[in-house]
Amino acid sequence: MGTQTGAILLYSVVKADLQSKMDEGHDDAVNCLTWDESSDSLFSCSTDRHIVQWNLSSGKVKHKWKGDRGAIYSVCLSPNRRNLLSASRSIKLWDIETRQAIKVFTGHGTEVTRLLCLSPRTDAHEGLPNGVEGAADDDAFYFLSAAAGDRLINMWCSNADRKRDKSALASFSLPEEPRCVDAWLATTATVDRRNLLAVVTREGKLHVYEYHLNGKSQKPLQPKMTVLLATPGVKKRDREADYDNRSLF
């Protein structure tokens, strides 16, 4: 759990008690955490503009570096565990070993507040959409991003053929800001080859999108289906408060 003071609290699920406190990494609010079980690491980002890689066994800072010129709101570990995404005014793709930014994504007009890495492809020839450069990059993966006050969710590909990417592979249009998002990518072994995106908005509506990764979309995609989830009789104010307490992704 990240705190407003910059400390990170680790709780034991088994003992239902505080296990340790890590408080020498950040000077301001911790905005996001992501685990890497393969290396016994935890990554955190903060309003203090820094990214920290923690050693969970010792509770000490393993690496710390400046991630952007402004607050960093989200971090996301790539499926191959070798790269890290960070979100601020732009999105950066980092090499974890060298802590160098290898690509920048600048498709949003406001602060990017949330990231979601999607499952890696299972076939090197079918993992990237037709017409997208860098299809030979076996480490490429897809991810989603959302920004403050933005009614679009963007989908990107991490392939590093260019140092900067200004246009997303696809954008999904929403009537209002998203609150909860999840996505499912079909693989070469999947009978149903549809790719699906599900988004719940503040008003309690579930929007479902169906899309095909066969090149960049020329215009924002519209939902294929919309379902009203709000229960009749629930006050709008109470429902909004409930959604505000949930994570976007």
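Along its length, the protein chain carries 1 helix and 19 strands. In the protein chain, of all internal contacts separated by at least 6 residues, the share reaching a separation of at least 24 is 47%. On the protein chain, roughly 13,200 Å² of surface is accessible, and the fraction owed to carbon and sulfur atoms is 47%.

Together, Met 1, Tyr 11 and Leu 18 give the surface a local cluster of nonpolar side chains, amounting to about 320 Å² of exposed area. The topology assignment puts Met 1 in the segment before β1 (8–12).

Moving on, we get to the confidence of the model for the protein chain. Detailed reading of the predicted model is not advised wherever pLDDT is low. Summing up the model confidence of the protein chain, the mean pLDDT is 84 and the portion of residues at 70 or higher is 81%. Long-range and interchain partners of residues 239–248, a stretch whose pLDDT sits below 50, account for 23 contacts in this model, where long-range means more than four residues apart.

Let us look at the environment of Leu 85. Examined against the element boundaries, Leu 85 turns out to sit in strand β8 (residues 83–87). Spatially, the C-alpha atoms of Leu 85 and Asp 95 are 9.2 Å apart, while their sequence positions differ by 10 residues.

Here we have 4 strands laid out as an open sheet, ordered β11-β12-β13-β15, and antiparallel in their pairing. The strands lining the two open edges of the sheet, one partner per strand, are β11 (112–117) and β15 (170–173). With direction set aside, neighbouring strand axes in the sheet form an average angle of 20°. Both strand β12 (residues 142–147) and strand β13 (residues 152–157) contribute to a ladder of 5 bridges, which runs antiparallel. Bridge pairing in β13 places Phe 143 opposite Trp 156.

An order of β16-β17-β18-β19 is seen for the 4 strands of this open sheet, with the pairing classed as antiparallel. Among the strands making up the open sheet, the edge pair consists of β16 (178–184) and β19 (225–228). Taking each pair of neighbouring strands and ignoring which way they run, the sheet shows an average axis angle of 15°. In this sheet, strand β17 (residues 195–201) lies alongside β16 in antiparallel orientation, the contact comprising 6 bridges. Bridged to Cys 180 within β17 is Val 200.

Our focus in this paragraph is the environment of Ala 146. One can find Ala 146 in strand β12. Distance in space between the C-alpha atoms of Ala 146 and Val 112 is 5.8 Å, their sequence separation being 34 residues.

Next up on the list: the side chain of Asn 195. As for its placement among the helices and strands, Asn 195 is situated in strand β17. Among all residues touching Asn 195, those that are not within four sequence positions of it are Trp 184, Leu 185, Ala 186, Tyr 209, Glu 210, Tyr 211, His 212 and Leu 213.

Moving on to the nonpolar core. By size, the foremost hydrophobic cluster in this structure holds 19 residues, and its most contacted members are Leu 118, Leu 144, Ile 153, Met 155, Phe 172, Leu 197 and Val 199. Listing elements by their share of this core, those giving two or more residues are β12, β13, β15, β16, β17 and β18 (205–211). Ignoring anything within four residues of it in the chain, the contact list for Met 155 reads Leu 118, Phe 143, Leu 144, Ala 168, Leu 169, Ala 170, Phe 172, Tyr 211 and Leu 213. Core analysis: the second largest hydrophobic core is formed by 13 residues, Ile 91, Leu 93, Phe 141 and Ala 168 among them.

Cut-off values and rules
Residues numbered from 1 in each chain as written. Predicted model: local features only at pLDDT ≥ 70, side-chain atom pairs only at ≥ 80, totals over all residues. Heavy atoms only, no water. Helix = DSSP H or I, 4+ residues; strand = E, 2+ residues; numbered from the N terminus. Contact = heavy atoms within 4.5 Å. Areas by Shrake-Rupley, 256 points an atom, 1.4 Å probe, with all protein chains shown as cover. Patch = residues over 30% accessible without salt bridge, like charges linked within 9 Å, V, L, I, M, F, W, Y side chains within 5 Å. Salt bridge = Lys/Arg side-chain N within 4 Å of Asp/Glu carboxyl O. pLDDT = per-residue confidence, 0-100. Pairing = 2+ DSSP bridges. Axes fitted to C-alpha atoms, helices over the stretch in contact; angles between N-to-C directions. Core = buried A, V, L, I, M, F, W, Y, C linked by side-chain atoms within 4.5 Å. Buried < 20%, exposed > 50% of the residue type's maximum accessible area, 1.4 Å probe, protein only.

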